Amino acid sequence: MNYSEAVRYLYALGNEVHTAKLGLDRIARLLGALGNPQQVCRFVHVAGTNGKGSTCAMIEAGLRAGGVRTGLFTSPHLEEPTERIRIAGEQIEPQQFASAFEEVHCTAERMLRTGELDLHPTYFETVTAMAFLLFREQRVNTVVLETGLGGRLDATNVVRPELCVITPISYDHQSFLGATLGEIAAEKFGILKPGVPAVMARQVEQVSRPVHSPLVSTTDWPIDDLHLTKDGSIFRTRGMEVHCPLAGEHQVENALTATVALHQLGYDPAGIAQTQWPGRLERVREKPEIIVDGAHNIAGTQALASYIERFYFGRRIWIVYGIMRDKAVHEMTGILFRSEERRVGKECRSRWSPYH
């Protein structure tokens, strides 16, 4: 099977959110048949609503700068599914993706025939299993592993990590995770394991405080000499200078969380400066200035609005905004409109082009 065929089959399994089947039994059975590749590497397991991808990217960059052969598993992708699985800072090749898919798919088909599986693994379960196979095959030392949906019943929650990390929690995927922040937080905290240290972003403590893991909070790491620019930030914490190349004030907390995680693992946070994470307040053109961002929930939209207000106050801008219909569309557009009215001092209007 080639890469295009593998991708077509994955997409045929259905939207990875809408067809999600939360639970660990199917992925555990599948991985068992594949020789439990998830038991080979060391893992840093990261959950949260906002910032978990950015935080993963910064932790991975720090580990790689420290000489570690890293793996990185994130979702979703921007252009190609190969982006989801990275080894030593590079996304895997299409032929590697196709080979891993074929092994997982053939194993799943055999298990379906023998009754060991009730259904073919979902899109996310399949790619998760593929990632574990490739990390084992490529002799990765430490994997930074981002959860997909939630945490407690997420397909990634089959690992025994060396460190858990919880980034800020907000409203998203309420139909799967619960209607309140407390319910959502409980699902995210499901990645925590007894005896495994956990780094918690400061906002998390306002939601809940789990007690079954040794906790390290970023609250205990004060930020000094913070300097924000359009393209990132520099700050000091506990005598260490941290350069964050990702734009937006919200990335300061993500960079601090990554710094604390790296400290827990015994690595210098200097490597955070080498982080590359496209699609997050990314400037793709200078003249005219064009910025793209993946804000897709209320907290992400608030961060986007804050960035625009800080660095583009008084300037006229155009916002082209697309959103899935299952999101909080009215609340999110309201945040952007109110931000624009504060920024330019007059009522703002939109031109809607709904897609059905």
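K.L.:
When you look at the confidence of the model for the protein in this model, what are you seeing that I'm missing?
P.N.:
A low pLDDT means the predicted coordinates there should not be read in detail. For the protein, per-residue confidence averages 88 on the pLDDT scale, and 85% of positions sit at 70 or higher. Scored below 50 in pLDDT, residues 352-356 shows four contacts in the model against residues more than four places distant or in partner chains.

K.L.:
I would appreciate a short explanation of the packing of aromatic side chains in the present structure.
P.N.:
Ring pairs (aromatic) are described by centroid distance and by the angle formed between their planes. Counted by the stated rule, this structure contains seven aromatic pairs. Ring geometry for Y9 versus F101: centroids 5.7 Å apart, planes at 55 degrees, classification tilted. Residue Y9 is found in helix α1 (residues 3-12), and its partner F101 is found in helix α4 (residues 94-114); the two are separated by 92 residues along the sequence. By relative accessible area, which is 29% here, Y9 ends up partly exposed. For F101, a relative accessible area of 0% puts it in the buried group. Arranged with centres 5.9 Å apart and planes meeting at 45 degrees, the rings of F73 and F124 form a pair that is tilted. Taken together, the residues F73 in strand β2 (residues 70-73) and F124 in helix α5 (residues 123-137) connect sequence positions 51 residues apart.

K.L.:
Explain the side chain of R84 here, please?
P.N.:
With respect to the helices and strands, the residue R84 is situated in the loop between β2 and β3 (85-87). Engagement of the side chain of R84 in a polar contact is seen with the side chain of H77, the distance being 2.9 Å.

K.L.:
Could you clarify how one ought to interpret the pattern of salt bridges in this entry?
P.N.:
Where side chains of opposite charge bring their charged atoms close, a pairing between them can arise. For the structure shown, the criterion picks out 15 salt bridges. Between E125 and R26 there is a salt bridge, and its shortest N-O distance comes to 3.2 Å. Within this pair, whereas E125 is found in helix α5, its partner R26 is found in helix α2 (residues 25-33), the two being separated by 99 residues in sequence. Assigned by exposure class, E125 and R26 land together as buried. Between K52 and E146 there is a salt bridge, with its nearest N and O atoms 3.8 Å apart. With K52 in helix α3 (residues 52-65) and E146 in strand β5 (residues 142-146), this residue pair connects regions lying 94 residues apart in the sequence. When its relative accessible area of 4% is taken as the criterion, E146 is described as buried. By sharing partners, the salt bridges in this structure join K230, D231, R283, E289 and R315 into a single network.

Conventions adopted
- Residues numbered from 1 in each chain as written.
- Predicted model: local features only at pLDDT ≥ 70, side-chain atom pairs only at ≥ 80, totals over all residues.
- Heavy atoms only, no water.
- pLDDT = per-residue confidence, 0-100.
- Contact = heavy atoms within 4.5 Å.
- Phe/Tyr/Trp six-rings, centres within 6.5 Å; stacked < 30°, edge-to-face > 60°.
- Helix = DSSP H or I, 4+ residues; strand = E, 2+ residues; numbered from the N terminus.
- Buried < 20%, exposed > 50% of the residue type's maximum accessible area, 1.4 Å probe, protein only.
- Polar contact = N/O pair within 3.5 Å; in protein donor to acceptor, adjacent residues only side chain to side chain.
- Salt bridge = Lys/Arg side-chain N within 4 Å of Asp/Glu carboxyl O.

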